[in-house]
Amino acid sequence: MDPADALALLLSPQGRVNPYPTYERLRGYGPVVQAGPAFHLVTGYAEADAILRDARFGVMDDDLRDQFLPGWRESPAVASISRSMLRTNPPDHSRMRRLAAGAFTPRRIAAMRDVVEAQADELVDGMVARARAGEPVDFMAEFAYPLPVAVICALLGVPAGDRPLFRRWATDLTGVLEPEISPDELALADRGATELRDYFTDLVAARRRAPADDLTTALVQAHDGDGDRLSGDELLANLVVLLVAGFETTTNLLGNGLVVLLDHPAEAATLRERQEFAPGYVEELLRYDSPVQLTSRMSTAPTRYGGVDLPAGSWLIVLLGAANRDPGRYPEPGRFDPWRPAVHPLSFGAGPHYCLGAGLARLEAQVAFPLLLRRLPGLALAGPGERRVRLTLRGYATLPVTVGDEASPVTDRGTPAGATGPTP
């Protein structure tokens with residue numbers, strides 16, 4: 001199988017559901033692999049990390065979109081994503097990112113721990129109530145989606161009653177992030193983008209009438225105070241991306257991570273008793289089965305990585321999921337090991353486009369996994385779950401679980417007295 005064949009397999013439904021075997025085939029050609037004219041795949045950790053930090057690489061700009069995606073301006077999904085900080089280069093990217101960064105400082109994120117714990121406890125109560133008849137519950141619908149969407153909606157000032165609207169809209173829209181998209185999938189993405197933009201158009205108008213202490217108001221005031229700081233299209237595009245990115249990645253992290261933990265009962269038992277180990281567990285979960293599997297970059301100058309010359313204009317798919325399992329960086333990469341030293345996954349990217357909400361996603365996972373294991377000691381998978389046929393955002397559509405009959409009350413918080421466990 002040559003690199004082009006491996007790429008075709010990776011983009012097939014089978015390859016999207018489980019990309020890891022294909023990553024290993026590609027790795028055999030080196031850390032940077034040419035898969036077509038001026039088109040390369042990056043599987044090496046060191047190379048991926050360096051490319052994401054290298055100022056000679058950027059995301060696709062309007063001129064390149066005109067070349068590779070003619071008619072993109074007529075697509076609400078592509079146009080919306082393209083006007084956000086996700087798909088812009090400095091100085092526009094830096095300008096937009098600074099306006100939102102204040103909501104994601106380490107201090108503000110740490111201050112949200114009590115809120116996240118309370119919401120997670122409430123969702124576990126709901127799982128227990130729905131499982132009283134002994135039937136499985138869908139972990140994605142009952143916990144993995146509502147926890148992060150509640151948190152990001154609170155930051156943006158979205159009313160609680162509107163939260164259920166966003167799952168379908170976001171699922172439709174994020175199809176546009178895939179390396180390939182069919183006309184039918186693009187139509188769904190356009191529908192999702194249109195509905196999200198319509199929603200935020202109304203919310204922006206509401207915040208102009210009645211400002212609030214939330215990120216939407218802050219961005220509206222930045223636009224209204226000086227249109228050069230944030231245009232109208234940028235305002236709506238970034239609200240859409242902040243909402244979608246604010247829960248999609250965390251939802252996938254929670255679903256993927258729960259499956260890994262339940263497949264490793266000894267490691268789960270340790271985390272159940274020693275929640276202070278949660279940060280190390282979450283980093284290894286991010287490395288082992290990344291919720292974001294790839295990103296792309298274009299070179300603006302000739303470079304050389306992984307022994308391969310990259311002319312200006314080269315398009316690179318940086319396979320974050322493959323880099324996280326590079327045996328040159330992580331020995332025995334296919335083994336889940338929460339005591340693995342010096343884990344620095346690339347799941348949230350690196351460099352200027354490093355995920356703005358990475359700290360918030362980590363906090364939610366660090367709270368959620370010990371709480372779930374402690375309050376639901378009988379938690380178990382009730383089936384294999386349904387993987388979404390997506391490569392960029394890797395996660396489950398459904399994940400049936402049983403909660404057992406030993407659920408602990410909400411007051412059972414903290415590390416149990418006398419608990420012991422290994423030292424990482």
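Bear in mind the structure is a predicted one, so any value in this text is a computation, not a measurement.

### Details of the overall build of the protein chain
Part 1: Counting secondary structure elements, the protein chain contains 19 helices and 12 strands.
Part 2: Its C-alpha atoms give the protein chain a radius of gyration of 21 Å, near enough to 22 Å, the size a compact globule of 424 residues would have.
Part 3: Projecting the C-alpha coordinates of the protein chain onto the three principal axes gives extents of approximately 60 × 60 × 40 Å.
Part 4: Classification of the 424 residues of the protein chain by burial places 54% in the buried group.
Part 5: Taking the intrachain contacts of the protein chain between residues at least 6 apart in sequence as the baseline, contacts between residues at least 24 apart amount to 72%.

### Thoughts on the nonpolar core
Part 1: If you look at the biggest cluster of nonpolar residues, it comprises 114 residues, and the most contacted ones within it are Phe 104, Met 127, Phe 139, Phe 143, Phe 166 and Phe 200.
Part 2: If one sorts the elements of this core by residue count, helix α15 (residues 232-262) sits on top with 15 residues.
Part 3: Non-local contacts of Phe 200, meaning those with residues more than four positions away in its chain, are made with Leu 156, Val 158, Leu 236, Leu 239, Val 240 and Leu 243.
Part 4: Counting 15 residues, the second largest nonpolar core, distinct from the first, contains Tyr 23, Ala 35, Leu 41 and Ala 322.

### Digging into the sheet that holds strand β3 (residues 57-58)
Part 1: With mixed pairing, five strands are arranged side by side in an open sheet as β1-β2-β8-β5-β3. The sheet is open, and its two edges are formed by β1 (32-36) and β3, each paired on a single side.
Part 2: Taken together, the two bridges between β3 and strand β5 (residues 294-299) define a ladder with antiparallel strand orientation. Each residue of the ladder has a partner; that of Gly 58, found in β5, is Met 298.
Part 3: Across the sheet, helix α4 (residues 45-53) is in contact with β1, β2 (39-42), β3, β5 and β8 (315-319); its angle to β8 comes to roughly 125°.

### As for the packing of helix α11 (residues 146-156) against helix α19 (residues 358-375)
Part 1: Interaxial distance between α11 and α19 falls to 11 Å at its minimum, and their mutual angle equals 140°. Viewed along their axes, α11 and α19 adopt a mutual orientation that is oblique. Relative to α19, α11 is oriented so that their crossing is right-handed. Residues Leu 147, Pro 148, Val 151 and Leu 155 of α11 form the contact with α19, whose participating residues are Leu 360, Glu 364 and Ala 368.
Part 2: Along the lines of polarity and charge, the residues of the contact of α11 with α19 split into six nonpolar, no polar and one charged.

### A look at unusual backbone geometry
Part 1: The residue after Pro 90, namely Pro 91, is reached through a cis peptide bond having omega 5°.
Part 2: Mapped onto the elements, Pro 91 comes out in the loop between α6 (76-82) and α7 (92-101).
Part 3: Phi angles above zero are rare outside glycine, and Glu 332 is one such case at about 50°.
Part 4: Positionally, Glu 332 belongs in the loop between α18 (320-323) and α19.
Part 5: Take Glu 332: its relative accessible area is 51%, and that puts it in the exposed class.
Part 6: Although it is not a glycine, Ala 342 adopts a positive phi angle of roughly 50°.

### Some points on the layout of surface pockets
Part 1: Of the voids in this model, the second largest pocket is the one considered here, and its volume is about 250 Å³.
Part 2: Looking at the second largest pocket, the residues that line it are Arg 16, Thr 171, Asp 172, Gly 175, Glu 178, Glu 180, Glu 185, Leu 188, Arg 388, Val 389 and Arg 390.
Part 3: Secondary structure elements with two or more residues in the lining of the second largest pocket: α12 (166-173) and α13 (183-209).
Part 4: Partitioning the lining of the second largest pocket into residue classes produces two nonpolar, two polar and seven charged.

### Some words on the confidence of the model for the protein chain
Part 1: Mean pLDDT for the protein chain: 92, with 96% of residues reaching 70 or above.
Part 2: Across residues 411-424, where pLDDT falls below 50, the model places 24 contacts with residues more than four positions away in sequence or in other chains.

### Structural notes on the pattern of salt bridges
Part 1: The final tally for this structure, using the stated rule, is 29 salt bridges.
Part 2: Residue Glu 178 is joined to Arg 16 by a salt bridge in which the shortest nitrogen-to-oxygen separation is 2.8 Å. Note that Glu 178 is positioned in the loop between α12 and α13 and Arg 16 in helix α2 (residues 13-17), a separation of 162 residues in sequence.
Part 3: Residue Arg 16 is classed as buried on the basis of its relative accessible area of 9%.
Part 4: Linking Arg 340 and Glu 284 is a salt bridge whose minimum nitrogen-to-oxygen distance equals 3.2 Å. Of this pair, Arg 340 sits in the loop between α18 and α19 while Glu 284 sits in helix α17 (residues 278-288), and the two are 56 residues apart along the sequence.
Part 5: A residue is classified by how much of its surface remains accessible, and Arg 340, at 9% relative accessible area, is buried.

### Some details on the pairing of β1
Part 1: Taken across its five residues, β1 has four buried, putting it largely inside the fold.
Part 2: Pairing analysis gives four bridges linking β1 to β2, with the strands arranged antiparallel. Bridge pairing in β2 links Gly 36 to Phe 39.
Part 3: Once β1 ends, the chain turns through two residues before running back antiparallel as β2, passing Ala 38 with a positive phi of about 55°.

About the thresholds
- Residues numbered from 1 in each chain as written.
- Predicted model: local features only at pLDDT ≥ 70, side-chain atom pairs only at ≥ 80, totals over all residues.
- Heavy atoms only, no water.
- Helix = DSSP H or I, 4+ residues; strand = E, 2+ residues; numbered from the N terminus.
- Rg over C-alpha atoms; globule rule 2.2 N^0.38 Å.
- Buried < 20%, exposed > 50% of the residue type's maximum accessible area, 1.4 Å probe, protein only.
- Contact = heavy atoms within 4.5 Å.
- Core = buried A, V, L, I, M, F, W, Y, C linked by side-chain atoms within 4.5 Å.
- Pairing = 2+ DSSP bridges.
- Axes fitted to C-alpha atoms, helices over the stretch in contact; angles between N-to-C directions.
- Parallel < 35°, antiparallel > 145°, perpendicular 65-115°, else oblique.
- Left-handed = near helix turned anticlockwise from the far one by under 90°.
- Nonpolar A, V, L, I, M, F, W, Y, C, P; charged D, E, K, R; others polar.
- 1 Å grid on protein atoms, 1.4 Å probe; cavity = no way out; pocket = protein on both sides within 12 Å on 5 of 7 lines; lining within 4 Å.
- Points joined across faces, edges and corners; volume = space filled by probe spheres on them.
- pLDDT = per-residue confidence, 0-100.
- Salt bridge = Lys/Arg side-chain N within 4 Å of Asp/Glu carboxyl O.

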